[in-house]
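Examination of the molecular architecture
Take a look at the letters that make up each chain.
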Amino acid sequence: MFDSAPRLTHGAITVRGIRQRDARALEAELIANRSWLERWEATLPGTRPSGRFDTRSSIRSLLDADREGSGMAFAIEVDGEFAGQLNVANITGGALASSTLGYWIAQRFAGRGATTTAVALVTDHLLGRAGLHRVEVCIRPENLASLRVVEKLGFRYEGCRRRYIHIDGDWRDHLCFAVVREELAEPMLDRWLAGRVPPFDRSVYPLQVGGDPRESSQR
């Protein structure tokens, strides 16, 4: 089976290409983590989530994008156990050479640095062997823990996209971040682990962040 997403590991954290045989584990995590995840999931205008998950079809679509070269679909593992997903989308070559990242992790793995490590591993791959120039991440301002991931890794804040993506039943604002190859004198993972990421100044945000007692599903 075609799989362009490489296996990348640091310590207990591994990211690898998602496979059809992950469908059952993926469905189990999505069901078990409904209250943890649903506030951050994309929705279709005019519809309500059914609560059912066709994970085989979802994985098939991700692998189709992988095969076409427009995406990479990763599973996140912690100590060998399926823990979440990291998807690279909108891969564009040529004069743009860019991509976007999205990710989630199960609640029981939160707070262990798994998402931060996964994002760093994949970003280093995209800006290195994959030959891209830019990686972007867009995050709802209420999603504090997901904001911490990009802040800790040194992604640069680029601006606010108003009512950008339909999530949890409405069009939601997103704060957008990016990193380009020239901004990294060393691998992103190494820089973070060595404590060489400059402190992030949240005063650049044009609106208040946080404000939800459940916080978020990313750490």
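Residues numbered from 1 in each chain as written. Predicted model: local features only at pLDDT ≥ 70, side-chain atom pairs only at ≥ 80, totals over all residues. Heavy atoms only, no water.

1. A closer look at the confidence of the model for the chain
Summing up the model confidence of the chain, the mean pLDDT is 92 and the portion of residues at 70 or higher is 92%. In the predicted structure, residues 213–217 sits below a pLDDT of 50 and forms 20 contacts with residues beyond four places in sequence or in another chain. (pLDDT = per-residue confidence, 0-100. Contact = heavy atoms within 4.5 Å.)

2. Re the pattern of salt bridges
Taken as a whole and assessed by the stated rule, the structure comprises 19 salt bridges. A salt bridge links arginine 156 to glutamate 183; its shortest N-O distance comes to 2.6 Å. You can see arginine 156 sitting in strand S7 (residues 156–167) and its partner glutamate 183 sitting in the loop between strand S8 (170–180) and helix H6 (188–193), a full 27 residues away along the chain. Under the relative-accessibility criterion, arginine 156 is labelled partly exposed at 30%. On the basis of relative accessibility, which here comes to 34%, the residue glutamate 183 falls in the partly exposed class. What emerges from the salt-bridge pattern is a single network uniting Arg134, Glu136, Arg156, Glu158, Arg161 and Glu183. (Salt bridge = Lys/Arg side-chain N within 4 Å of Asp/Glu carboxyl O. Helix = DSSP H or I, 4+ residues; strand = E, 2+ residues; numbered from the N terminus. Buried < 20%, exposed > 50% of the residue type's maximum accessible area, 1.4 Å probe, protein only.)

3. As for the pairing of strand S3 (residues 72–78)
Within a regular beta strand, the side chains point alternately toward one face of the sheet and then the other, so they alternate between its two faces. Most of S3 sits inside the fold, with seven of its seven residues counted as buried. By the alternation rule, side chains of S3 split into Met72, Phe74, Ile76 and Val78 and Ala73, Ala75 and Glu77, which are all buried. Alignment of strand S2 (residues 13–17) against S3, held across five bridges, turns out to be antiparallel. From the neighbouring strand, glycine 17 faces S3, where its bridge partner is phenylalanine 74. As judged from the seven bridges shared by S3 and strand S4 (residues 81–92), these two strands associate in the antiparallel manner. The residue bridging isoleucine 76 from the neighbouring strand is glycine 84, located in S4. (Pairing = 2+ DSSP bridges.)

4. Details of the sheet that holds S8
Pairing is mixed in the open sheet, where eight strands are placed in the order S1-S2-S3-S4-S5-S6-S8-S7. Edge positions in the sheet fall to strand S1 (8–10) and S7, since each of these pairs with one other strand and no more. In this sheet, adjacent strand axes meet at a mean angle of 25° when their direction is disregarded. Sheet analysis places S7 next to S8, joined by eight bridges and oriented antiparallel. (Axes fitted to C-alpha atoms, helices over the stretch in contact; angles between N-to-C directions.)

5. Points about unusual backbone geometry
Notably, alanine 97 is not glycine yet its phi reads approximately 50°, a positive angle. Tracing the sequence through the fold places alanine 97 in the loop between S4 and strand S5 (98–105). Phi is positive for arginine 163, close to 45°, though the residue is something other than glycine. Within the fold, arginine 163 resides in strand S7.

6. So, the environment of glycine 159
Among the secondary structure elements, glycine 159 is positioned in strand S7. When its relative accessible area of 18% is taken as the criterion, glycine 159 is described as buried. The spacing of glycine 159 and histidine 174 is 15 residues in sequence and 8.5 Å in space, taken between C-alpha atoms. Beyond its immediate sequence surroundings of up to four residues, glycine 159 is in contact with His174, Leu175 and Cys176.

7. Considering the environment of alanine 42
With respect to the helices, strands and loops of the structure, alanine 42 is situated in the loop between helix H2 (34–37) and helix H3 (55–68). Between the alpha carbons of alanine 42 and isoleucine 13 there is a distance of 26 Å; along the sequence they are 29 residues apart. Every residue in contact with alanine 42, bar those within four places of it in the chain, is listed here: His166 and Ile167.

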